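Summary of the model geometry
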Amino acid sequence: MNEAGERHDRLRVDLGARGYDILVGEDLVATAGRHLAGLLAQPRAVVVTDGNVAAHWLEPLGRTLAGAGIAHDAVVLEAGERSKDYAHLERLLDRLLDLRVERRTSLVALGGGVVGDLAGFAAAIALRGLDLVQVPTSLLAQVDSSVGGKTGINTRHGKNLIGAFHQPRLVLADVGTLDTLPPRELRAGYAEVVKYALIGDAPFFSWLAANGRDLLAGDRRKRRHAVLVCCRAKATIVGADEREAGPRALLNLGHTFGHALESLTGYGDALLHGEAVAIGLALAFAFSARLGLCADEDADRVRRHLEAAGLPSSPAGLPGGRRSPDEVLSRMEQDKKVVGGEPTLILARGIGQAFVARGVERRKLRAFLADALSG
Ligand SMILES: NC(=O)c1ccc[n+]([C@@H]2O[C@H](COP(=O)([O-])OP(=O)(O)OC[C@H]3O[C@@H](n4cnc5c(N)ncnc54)[C@H](O)[C@@H]3O)[C@@H](O)[C@H]2O)c1
Ligand SMILES: [Zn+2]
């Protein structure tokens, strides 16, 4: 409980008129009606979710919405990254129009990052913009994708290339929902938790080293603490740089490497996003150490921590066979964070000291990748 005796904490994302609260705690799905009642422009919502999440969490959400006098419909998508495409976006938009949503109807995204990104994008463009409430149910979505307003879909050219910034009106991060999340998905989300510590919070890394195991095993109090710390970090970064002109780029730590590996393995079950990020974090630190920017010991601590959490830390054993450094490099160069042809990497001077490194020498990066890929 927090000081007011509530089973959640409240954070603010400071974006002026587009600012919003993030509630982190327990029982937030079952009490969502109370939090939404005074916020919605009209007592009507469409809940967008996927089949896995609906099986556990749609009924309690529907009950609290009904209890608060909020009329609602539900759209249940197929689970999985494949739903984040043009075809599913079109189907969702048609469905919303069939339901005769009005400009003041809100969308509630109940699910992981796939639901949040797709429903969020639909909210951004349906009737030129509907209010959106994020109810993230995966660890990844709670600490990352539900906060910050990035929404979008994938195309055959790559991930998240079509989208919009559309900030939610409220985020309800109920750590109780993590009880039904498959363990592999939980671990993948944990990689993003570690990312925040590595970017700018060395004491949080020490906390994770001591408590990560309990968190992964189901300790709700520790889950709540970690989600709160991450959301606070993301809220601060987004408040300072909504559209990624500067410091928000730090959130890409581990992601330029990670996206390249995801793209090589086909964005599927072979390598989950968070698993690719785990390898990317280990690589970002190992490369930083190789360049003499950070101590070898820090790179080792990062790698060992990821491994202890059951996450991969090396690209050497990637599913689908060994990849060449040029394959990885070319995928890195296709990443949309490329500026003027050179990948902008996020590197580190130590744990909690990430920075934006421009003009990294391609030759050194290639040599590093060659070693990393050969294991
Ligand atoms: N918008 C952003 O800022 C941002 C940031 C990071 C990632 N993303 C996107 O997020 C997506 C990944 O998100 P994700 O890892 O949450 O994937 P996801 O939405 O596919 O969820 C992972 C799996 O867990 C299931 N699931 C989710 N919550 C559950 C629960 N409580 N109980 C049981 N099953 C549950 C889902 O059905 C799915 O099968 C990617 O598309 C990525 O691009 C967006
Ligand atoms: Zn990520």
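Above: the structure in question.
My aim in this report is to walk through the structure given alongside it, one point at a time. Owing to the predicted nature of the structure, the values given are computational and were not obtained by experimental measurement.

Some thoughts on the overall build of the protein
- Helices and strands together make up the secondary structure of the protein, namely 13 helices and 13 strands.
- What you see for the protein is a C-alpha radius of gyration of 20 Å, in line with the 21 Å of a compact globule of 375 residues.
- Each principal axis of the C-alpha atoms in the protein carries an extent, and together these give about 60 × 45 × 35 Å.
- Counting all 375 residues of the protein, 58% fall into the buried class.
- Taking the intrachain contacts of the protein between residues at least 6 apart in sequence as the baseline, contacts between residues at least 24 apart amount to 75%.
- Per element, the accessible surface of the protein, about 15600 Å² overall, is 48% carbon and sulfur.

Side note on the pairing of strand S3 (residues 44–50)
- Taken across its seven residues, S3 has seven buried, putting it largely inside the fold.
- The two faces of S3 match: Arg-44, Val-46, Val-48 and Asp-50 on one face and Ala-45, Val-47 and Thr-49 on the other face are all buried.
- The pairing of S3 with strand S4 (residues 71–77) spans seven bridges and is parallel. Along S4, the bridge assignment pairs Val-46 with Asp-73.

Some thoughts on the pairing of strand S8 (residues 158–165)
- For strand S7 (residues 150–155) and S8, the ladder comprises five bridges, and the chain directions are antiparallel. Opposite Thr-155, over in S8, you have Gly-158 as the bridge partner.
- Between S7 and the antiparallel strand that follows it, S8, lie two residues.

Overview of unusual backbone geometry
- Positive phi values are uncommon outside glycine, yet Asp-27 reaches one of about 60 degrees.
- Relative to the helices and strands, Asp-27 is located in the loop between strand S2 (20–25) and helix H1 (32–37).
- Its identity as a non-glycine residue notwithstanding, Asn-160 has a phi of 55 degrees, on the positive side.
- You can see Asn-160 is positioned in strand S8.

Description of the coordination of the zinc ion (ligand 2)
- Within the protein, the atoms that donate to the zinc ion (ligand 2) are Glu-192 (OE), His-255 (NE2) and His-273 (NE2), at distances of 2.0 to 2.1 Å.
- Within one chain, the residues serving as donors to the zinc ion (ligand 2) are arranged as E-x62-H-x17-H. With His-255 in helix H9 (residues 255–265) and His-273 in helix H10 (residues 273–290), the pair connects residues that are 18 residues apart, well separated along the chain.

Rules of the game
- Residues numbered from 1 in each chain as written.
- Chains lettered and ligands numbered in written order.
- Predicted model: local features only at pLDDT ≥ 70, side-chain atom pairs only at ≥ 80, totals over all residues.
- Heavy atoms only, no water.
- Helix = DSSP H or I, 4+ residues; strand = E, 2+ residues; numbered from the N terminus.
- Rg over C-alpha atoms; globule rule 2.2 N^0.38 Å.
- Buried < 20%, exposed > 50% of the residue type's maximum accessible area, 1.4 Å probe, protein only.
- Contact = heavy atoms within 4.5 Å.
- Areas by Shrake-Rupley, 256 points an atom, 1.4 Å probe, with all protein chains shown as cover.
- Pairing = 2+ DSSP bridges.
- Donors = N, O, S within 2.8 Å, 3.2 Å for Na, K, Ca; no water.

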